[in-house]
Amino acid sequence: MMMGYSSAPIGARENSEKDVISREAQSPTATRERPQEEPATANVKMRAGDLRAFFGKAEVIKGISLPFPENKVTAIIGPSGCGKSTFIRCLNRMHEVVPGARAAGEVLLDSDDIYAMDPVRLRRRVGMVFQKPNPFPTMSIRGNVLAGLKLNGIRPDDPDGLAEKTLRQVALWDEVKDGLGRSGMSLSGGQQQRLCIARTLAMEPEVILMDEPCSALDPIATARVEELIHELQKQYTIVIVTHNMQQAARVAQYTAFFYMGELVEHDETNVIFTRPAQARTEDYITGRFG
Amino acid sequence: MNGIRSSYVYRRAVDRAVRAACVLAAIVALVPLFLVLYYVTVRGIGGLNWAFFTELPKPVGEAGGGAANAIVGSIQLVGLACLFGIPLGVLAGVFLAEFGQSFFGRMVRFAADVMAGVPSVTIGIFIYALVVLPTKQFSAYAGGLALAVIMLPTVTRTTEELLKLVPEALREAALGLGVPQWRTTLWVMLRTAAPGVATGIMLAVARVAGETAPLLFTSFNNRFWARGLNEPISSLPVQIYTYAVSPYEDWHRQAWAAALVLVSLVLFLNVAARVLVRNRVRSR
Amino acid sequence: MNTEFESQRPAREGAAHRRLQLNWGDRVFRVGTAGLAGLVLLIVGLMAWQMVGASALSMREFGFGFITGREWNPVLEQFGALPFIYGTLVSSFVALCIAVPVSFGIAIFLSELSPAWLRDPLSFLVELLAAVPSVVYGLWGIFALAPLMRETVEPALRTSLGFLPFFQGPNQGFGMLTGALVLSIMIVPTISSVSREVLRAVPQSYREGALALGATHWEAIRTGVMPVARSGLIGAVILGLGRALGETMAVTMLIGNRADISLSLFAPAHTMASVIANEFTEATEDLYLAALAEIGLLLFVVTVLLNIVARTLVWNVGGRREGSRV
């Protein structure tokens, strides 16, 4: 598993949608010029070791080992039903919330075994953004941002300042600053999703898990969220599940390809998309199935 | 840091406490159920003898006698209720399922919902004013009517909801074979929904068998056999009530026995309904 | 058009004939069922009309003062319903105070905390609570609960909370508290089953959102589920209240049946439903009967209104209708 060259942030991104669309028009396997970053072993923030996941008796994740380098974005791609969502939900132990579900194997956060810690504690260090935006409907925008802190009994010194900071981080501040008391549901889908991301950021996690965060959003909102991911990656380790390969190519430095509960290949994104080592990976990339 | 740790321990403790409280709530709610069943069984079983089932009540003050007329009376009253209530309820439910989107349909549905919430004692007054006053007597008919009105909303809504659950594909198959609309609805759709509707009816009967208040001023009571349905008639629930509030030890004993019979019937119907539902779901 | 068929294809004649009959059968079916459905509507209308008619005498005689009058004297033909309204309100309120926490606890347990194998049997047992006839609860209450209240519970309440006016005064076991207690037992199944449906209708994503932020199980329910379900839960409580208002037999067997207004929960009392059950068959004079009927009318109007409000609230949460179960 090569961890040598980490691909640089995907170019200097402009804000215009035209740029995004034209970039999308390029082949996902186009090579780009990248300056070299730090060589060899980048720090591993989170690591899954022979992780297995079960729903009842059915084994859905069949022994996956995967490192997640710090301050990088790792994308997980694969056809529907390959276990991407299940896998990512194991990383913050949301998987076991479903009745009858369990997991086995090892997942380390820095050097802590997540199965040895209290899930509540774990989820403060590892945040999650869901596929369908789920701001709490009975809370205001401000309330939503601070919800995680309130739940955990943390009283910030400057709640308004913190709300502003996170809303600025997700580029939502200008749009909502005059109506922080409005309900979270009064925003558009894309805005709601960014609100949910802000809510996660307010907890100051170390890792952010994203389960197909853009699949319920329109292309413009998607572009915004992808820019956000690009910004966030400087401070956080991000794992993103996506069924959109172009998205993986745009936002992630590393990509893992899952198939039927197994890890088929994991490498730098540009390698996966230009010279995949496995035939199945190539088949998927080129659209022969999935 | 310490502040966060201790608040964390506190939150965990609250979580555990709430879980325990919820379990406790379940236990607390079920204790009366078991107590009642226990008492009824223990106190009632002694009074269940041959005389209980076959004899008429003895005059006040005399020991012995039975509740034969109450048992038969209850059967007759429930039978009348079913006679009046089931056909009307089922067909009204069919109407609501098939043609119920109109304004009229919505009014009917609303009326059924309203009726479901009316206290049974009020229904007793209604039938008293409607039937007992004009005929100048208490009667089994009046009692049966009151019980039918109580049953009606349940049967109607159950039929409607279950009919709506039958897949449209069945209807289309029948229509495609040239079966007329009305036949399709009754013979195909209703028949498919029938087990569920039967279950709903069983539960409605169980409920109605135990109703007392409306009977107090419609079928009243009768220490002897009713000679016809036009006369006041005895019934188990009314008998239980009369005996329970009386000062006679012997009557108390019979009240428990009657309660045991009533509760057994009601329990049986409820359990049977549950079992039927589970079997249907499993066989699907 | 029919003649065309008939003349062209004799073999098709039967079909055309049958088609005519189809229309006829369908029409009869439609009209017939509509008529029966209309009968349902008619019955409700009749109910309202008869209730008003039966109460007319009393309404004319006492007017609005019926609701505020404290004196219930059949001999002097003075009828004021305030003691019964008071009794109904207080007994229902106390019953709700006991039943609501218990019901919510059960609902949360069944929808969130219970292991799968326990769910069905437990919910069935809770339903059985509702299946036991009211008169049997009354019977058990007279011989088991009332003595317990008289000998143990009420004296204990008096010694510990006797500084409050609610727990003072003589007690015989038959009184407001005992009535309210048995009432609470009977409305728990209603409130808990509706609450459970309401909680189930809340989308999972809110609960998961809270969990992902590091909430404990209970905190996730408290912030992610219950606020969304709030109106439905209120509806469930109102449905329970409606049921409590109309409960007759167990109450009349345990509440003491005295038309008094007293602050003490130990004192005997009367509710609207219990006075009707108790005195209706003994009411020989027209005015007496009309007064009792008017109480019945009040009950009717209030429970119908509560029912409508409750159903609207419950309906709004998940878009699910509560059908025949309630």
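Rules of the game
Residues numbered from 1 in each chain as written. Chains lettered and ligands numbered in written order. Predicted model: local features only at pLDDT ≥ 70, side-chain atom pairs only at ≥ 80, totals over all residues. Heavy atoms only, no water. Helix = DSSP H or I, 4+ residues; strand = E, 2+ residues; numbered from the N terminus. Contact = heavy atoms within 4.5 Å. Pairing = 2+ DSSP bridges. Phe/Tyr/Trp six-rings, centres within 6.5 Å; stacked < 30°, edge-to-face > 60°. Buried < 20%, exposed > 50% of the residue type's maximum accessible area, 1.4 Å probe, protein only. Lys NZ or Arg CZ within 6 Å of the ring centre and 35° of its normal. Buried area = accessible area lost by both parts, 1.4 Å probe. Salt bridge = Lys/Arg side-chain N within 4 Å of Asp/Glu carboxyl O. Polar contact = N/O pair within 3.5 Å; in protein donor to acceptor, adjacent residues only side chain to side chain. Nonpolar A, V, L, I, M, F, W, Y, C, P; charged D, E, K, R; others polar. Domains from an automatic or database assignment. Right-handed = clockwise from strand over helix to strand, strands pointing away. Lys, Arg positive; Asp, Glu negative; His and termini not counted. Axes fitted to C-alpha atoms, helices over the stretch in contact; angles between N-to-C directions. Parallel < 35°, antiparallel > 145°, perpendicular 65-115°, else oblique. Left-handed = near helix turned anticlockwise from the far one by under 90°.

Quick look at the overall build of chain B
Phase 1: Check the secondary structure of chain B and you find eleven helices and zero strands.
Phase 2: Helices and strands in chain B line up, N terminus first, as α-α-α-α-α-α-α-α-α-α-α.
Phase 3: Expressed as lengths along the three principal axes of its C-alpha atoms, the size of chain B is roughly 75 × 75 × 35 Å.
Phase 4: Within chain B, residue pairs in contact and separated by at least 24 positions form 72% of the contacts whose partners lie at least 6 positions apart.

Here's the deal with the sheet that holds strand 4 (residues 101-109) of chain A
All names here are of chain A.
Phase 1: One open sheet holds the four strands; their spatial order is 2-1-4-5, and the pairing between them is antiparallel. In this open sheet, the two edge strands, each paired with only one partner strand, are strand 2 (58-69) and strand 5 (112-113).
Phase 2: Summarising the sheet, strand 1 (residues 44-55) and strand 2 pair through nine bridges and their orientation is antiparallel. Each bridged residue has a counterpart across the sheet, and for V44 the counterpart in strand 2 is P69.

Some points on the packing of aromatic side chains
We describe a pair of aromatic rings using the distance from one ring centre to the other and the angle between the two ring planes.
Phase 1: This structure, assessed with the given rule, holds 23 aromatic pairs over all chains.
Phase 2: Ring geometry for F68(A) against F87(A): centres 6.3 Å apart, planes inclined by 45°, an arrangement best described as tilted. Here F87(A) lies in helix 2 (residues 84-91) and F68(A) lies in strand 2, a separation of 19 residues in the sequence. Here F68(A) matches F87(A) in class, with each residue buried.
Phase 3: Between F95(B) and F104(B), the aromatic rings sit 5.6 Å apart at their centres with planes inclined by 70°, giving edge-to-face as the arrangement.
Phase 4: A relative accessible area of 4% means that F95(B) is categorised as buried.
Phase 5: Judged by relative accessible area, which is 32%, F104(B) ranks as partly exposed.
Phase 6: Taking NZ or CZ as reference, R102(A) lies 4.1 Å from the ring centre of F54(A), over its face.
Phase 7: Of note, R183(B) hangs over the ring of W187(B), and the distance from its end group to the ring centre comes to 5.8 Å.

Details of the interface of chain C and chain B
Phase 1: Listed per partner, the contact involves 81 residues of chain C and 84 residues of chain B.
Phase 2: Roughly 7,100 Å² is buried in total at the junction of chain C and chain B, and carbon and sulfur atoms are behind 80% of that figure.
Phase 3: Across the chain C-chain B interface, the total number found is three salt bridges.
Phase 4: The partner of R11(B) in a salt bridge is E219(C), with the nearest N and O atoms 2.7 Å apart.
Phase 5: Between chain C and chain B we count six residue pairs in polar contact (both at pLDDT 80 or more) in total.
Phase 6: By residue number, the principal contributor to the side of chain C that touches chain B is helix 2 (residues 13-62) of chain C, which donates 21 residues.
Phase 7: A per-class count over the side of chain C that touches chain B returns 53 nonpolar, 19 polar and nine charged.

Side note on the domain arrangement of chain B
You'll often see interface size given as the accessible area lost when the parts meet.
Residue and element names in this part refer to chain B.
Phase 1: When cut into domains, chain B gives domain 1 (2-45) and domain 2 (51-283).
Phase 2: Computed over C-alpha atoms, the centres of domain 1 and domain 2 are 35 Å apart.
Phase 3: Contact with domain 1, which involves seven residues of that partner, is made by six residues of domain 2.
Phase 4: For the pairing of domain 1 and domain 2, the buried interface totals around 580 Å² over both sides, and the portion due to carbon and sulfur atoms is 84%.
Phase 5: By the criterion of area lost to domain 2, the three top residues of domain 1 are V40, R43 and G44, representing 67% of everything that side buries.

Remarks on the environment of G148(A)
Phase 1: Turning to its location among the elements, G148(A) is positioned in helix 4 (residues 141-151).
Phase 2: Taking the C-alpha atoms as reference points, G148(A) and S85(A), separated by 63 residues in sequence, lie 23 Å from one another.
Phase 3: Every residue in contact with G148(A), bar those within four places of it in the chain, is listed here: M203(A) and L213(C).

Observations concerning the pairing of strand 7 (residues 207-211) of chain A
Residues and elements named next belong to chain A.
Phase 1: Buried residues dominate strand 7, accounting for five of its five residues.
Phase 2: Judged from the four bridges that link them, strand 6 (residues 126-129) and strand 7 form a sheet pairing that is parallel. Residue pairing across strands places V129 opposite M210, the latter belonging to strand 7.
Phase 3: The pairing of strand 7 with strand 8 (residues 237-241) spans five bridges and is parallel. Looking across to strand 8, one finds that L209 is bridged to V239.
Phase 4: Viewed along the sheet, the connection from strand 7 through helix 8 (residues 219-232) into strand 8 turns out right-handed.

A word on the pattern of salt bridges
Residues and elements named next belong to chain B.
Phase 1: Per the counting criterion, the structure on display carries 39 salt bridges over all chains.
Phase 2: Here R157 ties to D113 by a salt bridge, and the two come within 3.1 Å at their closest N and O atoms. Taken as a pair, R157 in helix 6 (residues 140-165) and D113 in helix 4 (residues 103-117) lie far apart in primary sequence, 44 residues in all. We note that R157, like D113, is buried.

Concerning the side chain of E279(C)
Residue and element names in this part refer to chain C.
Phase 1: You can see E279 is positioned in helix 11 (residues 272-279).
Phase 2: Buried and unpaired, E279 has no salt bridge, with R258 as the nearest side chain of opposite charge at 11 Å.
Phase 3: Within the structure, E279 has its side chain in polar contact with the side chain of Y288 (distance 2.4 Å).
Phase 4: With near-sequence residues (within four places) excluded, E279 lies in contact with W72, H270, Y288 and L292.

Describing the packing of helix 4 of chain B against helix 6 of chain B
Residues and elements named next belong to chain B.
Phase 1: Interhelical geometry of helix 4 versus helix 6 gives an angle of 130° and a closest axis separation of 8 Å. Between helix 4 and helix 6, the interaxial angle falls into the category oblique. Every pair of crossing elements has a handedness; the one defined by helix 4 and helix 6 is left-handed. Between helix 4 and helix 6, the residues in contact are R109, A112, D113, M115 and A116 and V149, L152, P153, R157, E160 and K164, respectively.

Some words on the sheet that holds strand 10 (residues 262-268) of chain A
Residues and elements named next belong to chain A.
Phase 1: On the basis of which strands lie adjacent, the open sheet formed by six strands has the order 6-7-8-3-9-10 and mixed pairing. Each of the sheet's edge strands pairs with one partner strand only, and the pair in question is strand 6 and strand 10. Averaged over all pairs of adjacent strands, the angle between strand axes in this sheet comes to 15°, irrespective of strand direction.
Phase 2: Here six bridges tie strand 9 (residues 254-259) to strand 10, and the two strands are oriented antiparallel to one another. Bridge pairing in strand 10 links F258 to L263.
Phase 3: Against the sheet, helix 2 contacts strand 3 (73-77), strand 6, strand 7, strand 8 and strand 9, and its axis sits at roughly 155° relative to strand 7.
Phase 4: Across the sheet, helix 8 touches strand 3, strand 7 and strand 8, and the angle it forms with strand 8 is around 150°.

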